[in-house]
Amino acid sequence: MANAVLLPEIVKMLEEGHTVTLRLRGFSMRPFLEDGRDKALLTKPVGPKVGDPVLAEIEPKHFVLHRIIQMEGDKVVLRGDGNLGVEHCKTSDIKGAVIGFYRKGRDKLDRTDGRKWKTYSWIWTRLYPIRRYLLAFYRRIWLKLFKPI
């Protein structure tokens, strides 16, 4: 099902107070989250802050699951962990908050408020100046040697 059809329905469920598990599509959260392999557990956003991974509608029916890198008033700047560029939205465009991720086919949730995620996030966000080279290494060498599960 196309994201433009599926994600508005997921947003409705989140607004009603449900949690939703969503299989991730795309490569913007590489190297730790993979297209079609990993899943995110989403809930209705409450008080999003810098560093949080969120589901945001950056254009009508165009959604991204990225990390908040800056907030100023109601203006929000987002960047996928595997991206160099940014997207912009307003706080009202944040439609879902990520509770955690199911990675590599596991049944155990890696919570975004857990030590593992916070450590990874702290390190990866500070590597931004050299991220281009790390991502190139990951795509060109790592994935060829160790195909994702």
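Shown above is the structure to which this text applies.
The structure reproduced in this document is the subject of the present report. None of these values were measured; they are calculated from a predicted model.

### Examining the environment of arginine 25
Tracing the chain through its elements places arginine 25 in the loop between strand 1 (20–23) and strand 2 (39–43). With a relative accessible area of 57%, arginine 25 lands in the exposed category. Between the C-alpha atoms of arginine 25 and lysine 39, which are 14 residues apart in sequence, the distance is 9.1 Å. Within the structure, arginine 25 has its side chain in polar contact with the side chain of aspartate 35 (distance 3.5 Å).

### Some details on the pairing of strand 2
In this structure, strand 1 lies alongside strand 2, joined through four bridges in antiparallel fashion. Each residue of the ladder has a partner; that of arginine 23, found in strand 2, is lysine 39. In terms of strand pairing, strand 2 meets strand 7 (residues 94–102) through five bridges, oriented antiparallel. From the neighbouring strand, leucine 42 faces strand 7, where its bridge partner is valine 98.

### A short note on the nonpolar core
Within the largest apolar cluster, 20 residues are counted, with the highest numbers of intra-cluster contacts made by Ile10, Leu24, Ala40, Leu42, Leu65, Val98 and Phe101. Broken down by secondary-structure element, the contributors of at least two residues to this core are helix 1 (3–15), strand 1, strand 2, strand 4 (62–72), strand 7 and helix 2 (115–126). At four residues, the largest contribution of residues to this core is made by helix 1. Ignoring anything within four residues of it in the chain, the contact list for valine 98 reads Ala40, Leu41, Leu42, Pro53, Val54, Leu65 and Thr112. By size, the runner-up hydrophobic cluster in this structure holds eight residues, among which are Val64, Ile68, Val76 and Leu78.

What counts and how
- Residues numbered from 1 in each chain as written.
- Predicted model: local features only at pLDDT ≥ 70, side-chain atom pairs only at ≥ 80, totals over all residues.
- Heavy atoms only, no water.
- Helix = DSSP H or I, 4+ residues; strand = E, 2+ residues; numbered from the N terminus.
- Buried < 20%, exposed > 50% of the residue type's maximum accessible area, 1.4 Å probe, protein only.
- Polar contact = N/O pair within 3.5 Å; in protein donor to acceptor, adjacent residues only side chain to side chain.
- Pairing = 2+ DSSP bridges.
- Core = buried A, V, L, I, M, F, W, Y, C linked by side-chain atoms within 4.5 Å.
- Contact = heavy atoms within 4.5 Å.

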